[in-house]
Amino acid sequence: MAAEAPIERRIAGKRERVHILTGAVCNNNCIFCMEEDRDGRYVTNSATTDETVRWILDNAGECEEVCFTSGEPTTNKRLPLWVKMAREHGVPTISVMTNGRALSYERYTKMLVAAGMNKFYVSIHGHTKRLHEGLTRTPDSFEQTVAGLDVVTSLKRYGVGLHTSTVVTRRNLPHLGDIYRFLRAHGVDQVVFNVMQANGRADTYFDQLWPTYAEIAAAFRGFLDEQYRVESRVMAFLVDIPLCATEGIPDFNRGYVESYVHFEPDAHALLSPESLDGRRVGRDGELVQIRRSDLDDAERRKRAECSTCRYDAVCEGVWGNYLRRYGWDELVPVQEAPSRPDEEDVQTA
């Protein structure tokens, strides 16, 4: 495998996506969902209108990617129109974060692609019906999501990209290799394994779901060791885990979550009143600008020793809920930075 740029250099140069909240409801019921307050999120997400989308696109500047997300975007009948609006604004990458079930309807997926959608991020959490649906708690969701992957794969001749997101839990951790090979066989370009974010239901069911970072890293490393025996470039990426826990994993396969900005009509539950100053945007100040760091900073922690780690400048810290259960012992600052030549970055989340 070719040498790659150090992971901290790739993170430091990562781009920012613009997220547009579009899914008023989600037709899955995932046990680890970040959005436990579904009634509240319904109000927020369903407030997005044509005018909201138009304002965001008009003020997004020369962004590289607009991603339709939050809830389940395909449940919103306006999605194809909004995709077309993004294309008319000249956005190079127009994407959606989805459970993929609606994509199983070929006519619908072709409509999205014709409107301008050219990248799909599909959530799938197992390689079998039992494993996936045990986590989504939604009958028949596995067959529909897999069918959706197959439809997108059939449209790759139009320049469509297909990534997947698998949230790592105690249940699917022993099956990383099986999941990866299953998804690649269905045409997935990049298989992303996301460590859970410790909020919403992931916190409620923490003790049932969360392996330690050390367990996750060991399982991922073992899977890679096996897979690299038969594949020269493994397109699997481990995301949202402290880098100090993943030493020994090739930097190419250590991913990161892109920065993003989105806009909400009422952000009092997310930001303090003083933080709202200068954040109000929109035609009449009805929207509030929210960045990923706003949602995470209050919940993540660092300790004094972190300042000595080579990754400190790009590390987001550790979830406070995680530390209350597992502590700091497994997280040891890394002192030495290897010298590696540059390689073209691969987006992994």
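Residues numbered from 1 in each chain as written. Predicted model: local features only at pLDDT ≥ 70, side-chain atom pairs only at ≥ 80, totals over all residues. Heavy atoms only, no water.

1. Let's talk about the side chain of Thr69
Inference 1: With respect to the helices, strands and loops of the structure, Thr69 is situated in strand E2 (residues 65-69).
Inference 2: Excluding residues that lie within four positions of it along the chain, Thr69 makes contacts with His19, Ile20, Leu21, Thr22, Gly23 and Met97. (Helix = DSSP H or I, 4+ residues; strand = E, 2+ residues; numbered from the N terminus. Contact = heavy atoms within 4.5 Å.)

2. A short note on the nonpolar core
Inference 1: Judged by nonpolar contacts, the single largest core of 90 residues is most densely connected at Phe68, Phe120, Phe193, Trp210 and Tyr213.
Inference 2: The element that contributes the greatest number of residues to this core is helix H11 (residues 213-227), accounting for 6 residues.
Inference 3: What Trp210 contacts, discounting residues up to four positions off in sequence, is Arg170, Val195, Met196, Gln197, Ala198, Ala202, Trp319, Tyr322 and Tyr326. (Core = buried A, V, L, I, M, F, W, Y, C linked by side-chain atoms within 4.5 Å. Buried < 20%, exposed > 50% of the residue type's maximum accessible area, 1.4 Å probe, protein only.)

3. Some points on the pattern of salt bridges
Inference 1: All told, the structure shown has 19 salt bridges when counted by the stated rule.
Inference 2: The closest approach of N and O atoms between Arg78 and Asp50, which form a salt bridge, is 2.4 Å. Of this pair, Arg78 sits in the loop between E2 and helix H4 (79-88) while Asp50 sits in helix H3 (residues 50-58); the two residues are 28 residues apart in sequence, bridging distant segments of the chain. (Salt bridge = Lys/Arg side-chain N within 4 Å of Asp/Glu carboxyl O.)

4. Description of the packing of aromatic side chains
Inference 1: Here the structure, examined in full by the defined rule, presents 13 aromatic pairs.
Inference 2: Both rings, one in Tyr213 and one in Tyr322, keep their centres 4.0 Å apart while their planes meet at 20°; by these two values the pair is stacked. On the criterion of sequence distance, the pair formed by Tyr213 in helix H11 and Tyr322 in helix H13 (residues 320-326) is long-range, its members being 109 residues apart. Both residues of the pair, Tyr213 and Tyr322, belong to the buried class.
Inference 3: What links up through ring pairs into an aromatic cluster is the set Phe206, Trp210, Tyr213, Tyr322 and Tyr326.
Inference 4: Sitting over the ring of Phe206, Arg325 keeps its end group 4.1 Å from the ring centre. (Phe/Tyr/Trp six-rings, centres within 6.5 Å; stacked < 30°, edge-to-face > 60°. Lys NZ or Arg CZ within 6 Å of the ring centre and 35° of its normal.)

5. Regarding the pairing of strand E8 (residues 259-264)
Inference 1: When you tally the buried positions in E8, you get 5 out of 6 residues, the bulk of the element.
Inference 2: Note that strand E1 (residues 16-21) and E8 share 3 bridges and pair parallel. Pairing of Val18 across the sheet is with Val261, part of E8. (Pairing = 2+ DSSP bridges.)

6. Regarding helix H8 (residues 176-185)
Inference 1: Those residues of H8 that sit buried are Leu176, Gly177, Ile179, Tyr180 and Leu183. All buried residues of H8 fall inside an arc of 165° around its axis, so they share one side.
Inference 2: Once H8 finishes, Gly187 follows within two positions and takes phi at roughly 90°, a positive value. (Arc of directions from axis to C-beta.)

7. Details of the confidence of the model for the protein
Inference 1: Averaged over all residues, the pLDDT of the protein is 87; the fraction at 70 or higher stands at 84%.
Inference 2: Across residues 340-345, where pLDDT falls below 50, the model places 18 contacts with residues more than four positions away in sequence or in other chains. (pLDDT = per-residue confidence, 0-100.)

8. Considerations on the packing of H4 against helix H5 (residues 106-115)
Inference 1: As a packed pair, H4 and H5 sit with axes 8 Å apart at the nearest point and diverge in direction by 20°. Judged by the inter-axis angle, H4 sits roughly parallel to H5. When the axes of H4 and H5 are compared, the crossing they make is right-handed. Counting all contacts with H4, which are made through Leu79, Pro80, Val83, Lys84 and Arg87, the residues of H5 involved are Tyr108, Met111, Leu112, Ala114 and Ala115.
Inference 2: Within the contact of H4 with H5, the residues separate by chemical class into 8 nonpolar, no polar and 2 charged. (Axes fitted to C-alpha atoms, helices over the stretch in contact; angles between N-to-C directions. Parallel < 35°, antiparallel > 145°, perpendicular 65-115°, else oblique. Left-handed = near helix turned anticlockwise from the far one by under 90°. Nonpolar A, V, L, I, M, F, W, Y, C, P; charged D, E, K, R; others polar.)

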